[in-house]
Amino acid sequence: MSIFISIAAYRDPDLIPTIRDCVAKARWPDQLRFGVCWQHGPDEPRPPKLRGRVRLIDVPWQASEGACWARAQCMALHEGEDWFLQIDSHHRFAQDWDAILIEQAERSGAALPLLTTYGRPFDPAAPLPGPMPTSIALHSFRRDGLPVAQCVEQLDWVANSGPMRARLLSAHLLFAPGRFVADVPYDPELYFYGEEISLAIRAFTHGYDLFHPGVHVLWHQEPRRKTPQHWDDHVLAQQVAVTAAARDVASIAKVRRFLLDPDIGPFGCGTARSFAQYEAWAGVSFRRRYASPAARRGDPAGVPPAAGSAAVKTWAVRIRLDRAALADPALDRPSFWYVGFHDEADVELARVDARPAEISAALANGAGEIVLDRLVHAPHPPRSWTVWPTDRQGRWLGKVSGPADARCVS
């Protein structure tokens, strides 16, 4: 099973050690083919040829247009290999990493699996830390509305665990069938920030199922060595054609437009699933800048809707709660209230939790009835709702459920 390995390297002295460690730790090194966009200065050493297994795009650093542009160049070097692996230029690998990734992809049971995570950090000047699987959590939202992701070390995973369903992806470990190159091509107009969330949505809507490997695969250099960075080099004083700051402003604006008004196209969403299905499945709302507690913890996602499943509609539901049905701690500065919607078989269709500000507003009038309004994105109308409050320490209290009188609004 051949593996194409995409590496966009910008003036990185760890590129050659990364390639050599990748080959040395592989179970089937002869099956590896590298596509490297080598962005470099005049005195930086050239990557090895490895008996013709390295395909190289030679780019003086001044001509580089950024990380996503370089990754798009790497994709163009793919020649039909069975698997596509994208990494950074500063990694160290677990023994038999290639066999691990293929085995995890097969264990996922997905027709189009995509394995991804942030690698555990390492320092080239120190011994490698112990292996540990990781997941990705949606930590927060920036002022511009773009999400901030965070690596979560999974201390309680047992040895040789199967893959865990992921909500987000990492650009420095992305493993998928080789057709990913044609299905989800890199957008060369993006600069850096926002590439991962846009890529996660695009992959999902093209029918890919996202997973975190249940076994440790690689380490990622962190913090980075004091080496030149693209945004430090590409400034007015260097007389570059376009500064990094200008590229970044345009790129972030494009990502924001995509998150608020997604389109379908070569660098937009696919048609196998919808953008609304991604938000409902991942537990996020980009307009509301909301992430569910499970998404913020990096908990496993549920089974996503099947590719090509029924179109998602929007249902308006009003929940009327009897204040007396809630335990007193649920009314005293609770951490949050779970708000879920279910079908006839009691399968969760959507979850849109109530946060402290909304709860305080709903309680402010002192009336016996508490009203929560929700828009539920699902192919079928919800038949019931459940409110499951927590106290101020986040401990679960008693549930309250009722029938959902859902009205289709779009």
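That block above? That's the structure.
Residues numbered from 1 in each chain as written. Predicted model: local features only at pLDDT ≥ 70, side-chain atom pairs only at ≥ 80, totals over all residues. Heavy atoms only, no water.

Another point: the sheet that holds strand β17 (residues 337-342). Taken in spatial order, the 4 strands of this open sheet run β18-β17-β20-β21, and their pairing is antiparallel. What marks the edges here is a single partner per strand, and that holds for β18 (348-351) and β21 (400-403). Each neighbouring strand pair of the sheet contributes to a mean axis angle of 25°, computed without reference to strand direction. Looking at chain direction, β17 and β18 are connected through 3 bridges and run antiparallel. By the bridge assignment, F341 is partnered in β18 with A350. (Pairing = 2+ DSSP bridges. Helix = DSSP H or I, 4+ residues; strand = E, 2+ residues; numbered from the N terminus. Axes fitted to C-alpha atoms, helices over the stretch in contact; angles between N-to-C directions.)

Throughout the structure, instances matching the rule amount to 28 salt bridges. The residue D14 makes a salt bridge to R92 at a minimum N-O spacing of 2.9 Å. With D14 in the loop between β1 (3-10) and α1 (15-25) and R92 in strand β5 (residues 91-93), this pair connects stretches of sequence that are 78 residues apart. Take D14 and R92: they sit in the same class, and that class is buried. The salt bridge partner of D30 is R51, with a shortest N-O separation of 3.7 Å. Taken as a pair, D30 in the loop between α1 and β2 (32-40) and R51 in the loop between β2 and β3 (54-60) lie far apart in primary sequence, 21 residues in all. (Salt bridge = Lys/Arg side-chain N within 4 Å of Asp/Glu carboxyl O. Buried < 20%, exposed > 50% of the residue type's maximum accessible area, 1.4 Å probe, protein only.)

Moving on to the pairing of β1. Across the 8 residues of β1, 8 count as buried, placing the element largely inside the fold. Residues I3, I5, I7 and A9 line one face of β1 and the alternating positions F4, S6, A8 and Y10 line the opposite face, and both faces are buried. Taken together, the 5 bridges between β1 and strand β4 (residues 83-87) define a ladder with parallel strand orientation. Residue I5 lies in a different strand from β4, and its bridge partner there is L85. Pairing analysis gives 8 bridges linking β1 to β2, with the strands arranged parallel. The residue of β2 that forms the bridge with I7 is V36.

Looking now at the packing of aromatic side chains. Scanning the entire structure with this criterion turns up 14 aromatic pairs. Ring plane angle 20° and centroid distance 4.7 Å describe the contact between F204 and W281, whose orientation is recorded as stacked. Taken together, the residues F204 in helix α5 (residues 195-205) and W281 in helix α8 (residues 275-282) connect sequence positions 77 residues apart. Just as F204 is buried, W281 falls in that class too. Ring geometry for Y338 against W388: centres 6.4 Å apart, planes inclined by 80°, an arrangement best described as edge-to-face. Of this pair, Y338 sits in strand β17 while W388 sits in strand β20 (residues 384-389), placing them 50 residues apart in sequence. Look at W388 and you get partly exposed, because its relative accessible area is 27%. Its end group placed over the ring of F204, R273 keeps NZ or CZ at 4.6 Å from the ring centre. (Phe/Tyr/Trp six-rings, centres within 6.5 Å; stacked < 30°, edge-to-face > 60°. Lys NZ or Arg CZ within 6 Å of the ring centre and 35° of its normal.)

This brings us to the nonpolar core. Membership of the largest hydrophobic core comes to 46 residues, with the highest contact counts inside it found for L114, F180, I197, I201, Y208, Y278 and F286. Elements with a contribution of two residues or more to this core: α2 (67-75), β8 (134-141), β11 (173-177), α4 (180-183), α5, α7 (244-260) and α8. With 6 residues, the top contributor of residues to this core is α5. When neighbours within four sequence positions are excluded, F180 is seen to be in contact with M75, F84, L114, L174, P185, A203 and Y208. Counting 32 residues, the second-largest nonpolar core is a separate cluster that includes A9, W38, I87 and F175. (Core = buried A, V, L, I, M, F, W, Y, C linked by side-chain atoms within 4.5 Å. Contact = heavy atoms within 4.5 Å.)

Let's shift gears to the packing of α5 against α8. Relative to each other, α5 and α8 sit at 110°, their axes nearing to 9 Å. The angle between the axes of α5 and α8 places the two elements in the roughly perpendicular class. Residues I197, A200, I201, F204 and T205 of α5 touch α8, and the partners they reach there are F275, Q277, Y278 and W281. Of the residues contributing to the contact of α5 with α8, the split by class is 7 nonpolar, 2 polar and no charged. (Parallel < 35°, antiparallel > 145°, perpendicular 65-115°, else oblique. Nonpolar A, V, L, I, M, F, W, Y, C, P; charged D, E, K, R; others polar.)

Here we come to α2. α2 sits mainly inside the fold: 7 of its 9 residues count as buried. Where α2 is concerned, the buried positions are C68, W69, A70, R71, A72, C74 and M75.

Turning our eyes to something else, we now look at the pairing of β17. Within β17, 6 of the 6 residues are buried, which leaves it mostly tucked inside the rest of the structure. Side chains of β17 alternate between two faces, with W337, V339 and F341 and Y338, G340 and H342 buried alike. Note: β17 against β20, 6 bridges, orientation antiparallel. Along β20, the bridge assignment pairs H342 with S384. Connecting the antiparallel pair β17 and β18 is a turn made up of 5 residues, with D346 showing a positive phi of about 65°.

A few words on helix α3 (residues 97-108). Relative to the 16 Å expected for 12 residues at 1.5 Å per residue, α3 spans 17 Å between its end C-alpha atoms, a close match to the ideal helical length. The element α3 is extensively covered by neighbouring structure, given that 9 of its 12 residues are classed as buried. Every buried residue of α3 is accounted for by W97, D98, A99, I100, L101, I102, Q104, A105 and S108. (Expected span 1.5 Å × (residues − 1).)

In this section: the sheet that holds β4. Spatial strand order, β3-β2-β1-β4-β11-β6-β12-β10: 8 strands in an open sheet with mixed pairing. Of all strands in the sheet, those with a lone pairing partner are β3 and β10 (164-165), marking the two edges. Alignment of β2 against β3, held across 7 bridges, turns out to be parallel. The residue bridging G35 from the neighbouring strand is R55, located in β3. The strands touched by α3 are β1, β2, β4, β6 (113-116), β11 and β12 (209-212); relative to β6, the strand with the most contacts, the crossing angle is about 135°.

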